[in-house]
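# Geometric and topological summary
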Amino acid sequence: MATVEDLLTRIRHLRTVQRETEQSNADFVSVQDMEAWCTFFQDHIQFAKEGDDLLFYVKQMNNDLLIHRKHSTSRLPPEIGSPTINWEETVCLNFLLQRFHYRLTMVVSSRDESSKALKTISRCDQDIYCSPSRRNMDSKGSQDVITYPDLFFTLDNFEDLFHSIVVPPNSSLRIELVAAAGKIFVPIFSGQVGHSALSASYARQTTTVSTQTKREFLQLTGPNNVGSAQVAVAQVGAGKPASRGLVQSISQGAVRVLQSMVAYGPASASPTNLNACITYISLPWSSLLAAILHTTRKPALSRSPSSSALSSSPTARVSMTIPPPAAAAAAAATSVPSAVPEDPSPNAPATAS
């Protein structure tokens, strides 16, 4: 049986051949190219024992999706070789959805004032689904909406998963999403945002004491404007929210955030701890595939499969190594967390993927 590495090599070859055909004649797709994709689809997706029961077919003209269950008898799937289907994208989409597991890692870290060493305050690892659809996280009961060609990695229960992720002043929130299958273990989305940027963006949307515990949903844009993430932020503990000030968007390197220059109001007001929850990460399918095919950089945060194997099911339980919210601030001050390697200062931009 072919390994995932073998199949990726085959996909890379088929895409190279098809690009050469398209360059010679932009309006022409060879029968040989389409037959090769169809053969791959039948051998390694449609009739494969691995993977999910759902199959997604990408329409040729408008990127709409047809969804079919492998063993359904109520409706026939599109005919193999049908010119109405984009077989290259159909293969790649199903391959990304069915053959890879994805893991999100969130780390809160800060610099020790005396040693300047980077310290981990809290950490959370969570296996996560990849889907060509999404729902709004800031409204209950919303229905799924097809998002293809964008793929979403959504955490429906983000409040339960990340209730203990507290970002104190002078620290940063770092996120990394990795794809894993066989010997492949590569980062596909990563970056960091400092407490000051999160606090300023939160203050821009929440300006009264009565709403200081309100959860706000902030948008982050990925490296090179590719992909995005949403983080739900709420204040933890005492302290007034910052007043509205001058807001200016700047790049945070791997993650572009609403970095703000904010006047924090009266001198008595102090920055507060923030609970931060990633609700989703989104990437175009082509960017996700390119990262898997061509990225040689190793993950900076996520543990390798040898030390922390990804579950065979994307619904594995969260591995929390942090205290409950009430004790988070005290624990951060008294414990000596392990260091996180290869990281700049908490408020410095991360290196783009």
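Residues numbered from 1 in each chain as written. Predicted model: local features only at pLDDT ≥ 70, side-chain atom pairs only at ≥ 80, totals over all residues. Heavy atoms only, no water.

## Quick look at the packing of aromatic side chains
- As enumerated under the stated definition, the model contains nine aromatic pairs in all.
- Ring-pair connections join several aromatic residues into one group, and the members of that group are Phe-40, Phe-95, Phe-100, Tyr-102 and Phe-153. (Phe/Tyr/Trp six-rings, centres within 6.5 Å; stacked < 30°, edge-to-face > 60°.)

## Topic: the packing of helix α1 (residues 4-24) against helix α6 (residues 285-294)
- One way to put it is that α1 packs onto α6 with a least axis distance of 11 Å and a crossing angle of 120 degrees. By the criterion of interaxial angle, the relationship of α1 to α6 is oblique. In terms of crossing hand, the pair formed by α1 and α6 is left-handed. Between α1, through Leu-8, Arg-12 and Arg-15, and α6, the contact on the second element is made entirely by Trp-285, Leu-289, Ile-292, Leu-293 and His-294. (Axes fitted to C-alpha atoms, helices over the stretch in contact; angles between N-to-C directions. Helix = DSSP H or I, 4+ residues; strand = E, 2+ residues; numbered from the N terminus. Parallel < 35°, antiparallel > 145°, perpendicular 65-115°, else oblique. Left-handed = near helix turned anticlockwise from the far one by under 90°. Contact = heavy atoms within 4.5 Å.)

## Comments concerning the environment of Pro-78
- Within the secondary structure layout, Pro-78 lies in the loop between β2 (65-69) and α3 (87-99).
- Of the residues examined, Pro-78 reaches a relative accessible area of 19% and is grouped as buried.
- For the pair Pro-78 and His-68, spaced ten residues apart in the sequence, the C-alpha separation amounts to 8.9 Å.
- In this structure Pro-78 touches Tyr-57, Leu-66 and Ile-85, once residues within four positions along its chain are discounted. (Buried < 20%, exposed > 50% of the residue type's maximum accessible area, 1.4 Å probe, protein only.)

## Some details on the confidence of the model for the chain
- Here the chain averages 74 in pLDDT, while 71% of its residues score no lower than 70.
- Note that pLDDT drops below 50 for residues 307-353; the model gives that stretch 105 contacts with residues more than four away or on any other chain. (pLDDT = per-residue confidence, 0-100.)

## So, the pairing of strand β12 (residues 228-236)
- Buried residues dominate β12, accounting for eight of its nine residues.
- Pairing between strand β11 (residues 216-221) and β12: six bridges, direction antiparallel. Its bridge partner lying in β12, Phe-217 is registered against Ala-232.
- Connecting the antiparallel pair β11 and β12 is a turn made up of six residues, with Asn-224 showing a positive phi of about 55 degrees.
- Pairing analysis gives nine bridges linking β12 to strand β15 (residues 273-284), with the strands arranged antiparallel. Within the sheet, the bridge partner assigned to Ser-228 lies in β15 and is Ser-282. (Pairing = 2+ DSSP bridges.)

## Some remarks on the nonpolar core
- Residues Phe-100, Tyr-102, Phe-162, Leu-173, Ile-188 and Ile-292 are the most contacted members of the largest nonpolar core, which totals 74 residues.
- A per-element tally of this core places α3 first, with seven residues.
- Excluding residues that lie within four positions of it along the chain, Phe-100 makes contacts with Val-4, Leu-8, Phe-95, Ala-179, Ala-180, Ala-181, Ile-184 and Ile-292. (Core = buried A, V, L, I, M, F, W, Y, C linked by side-chain atoms within 4.5 Å.)

## Points about the environment of Ser-82
- Within the fold, Ser-82 resides in the loop between β2 and α3.
- Classification of Ser-82 by relative accessible area gives buried; the value is 14%.
- A sequence separation of 23 residues divides Ser-82 from Lys-59, and the C-alpha atoms of the two residues are 9.9 Å apart.

## Overview of the environment of Arg-123
- On the secondary structure map, Arg-123 appears in strand β4 (residues 118-128).
- Sequence spacing of Arg-123 and Leu-173 is 50 residues, and the spatial spacing of their C-alpha atoms is 9.7 Å.
- At 2.9 Å, the side chain of Arg-123 and the side chain of Asp-125 are in polar contact.
- Separated by 2.9 Å, the side chain of Arg-123 and the backbone oxygen of Leu-301 make a polar contact. (Polar contact = N/O pair within 3.5 Å; in protein donor to acceptor, adjacent residues only side chain to side chain.)

## Observations concerning the side chain of Ser-302
- Along the chain, the position of Ser-302 falls in the loop between α6 and β16 (319-320).
- Classification of Ser-302 by relative accessible area gives buried; the value is 8%.
- Setting aside chain neighbours within four positions, we find Ser-302 in contact with Thr-105, Arg-123, Glu-176, Val-178 and Phe-185.

## Notes on the pattern of salt bridges
- For the coordinates displayed, the defined rule picks out five salt bridges.
- The partner of Glu-88 in a salt bridge is Arg-15, and the shortest N-O contact between them spans 3.0 Å. Of this pair, Glu-88 sits in helix α3 while Arg-15 sits in helix α1; the two residues are 73 residues apart in sequence, bridging distant segments of the chain.
- Residue Arg-19 is joined to Glu-88 by a salt bridge in which the shortest nitrogen-to-oxygen separation is 2.8 Å. Of this pair, Arg-19 sits in helix α1 while Glu-88 sits in helix α3, placing them 69 residues apart in sequence.
- Look at Glu-88 and you get buried, because its relative accessible area is 7%.
- One network of salt bridges, in which partners are shared, links Arg-15, Arg-19 and Glu-88. (Salt bridge = Lys/Arg side-chain N within 4 Å of Asp/Glu carboxyl O.)

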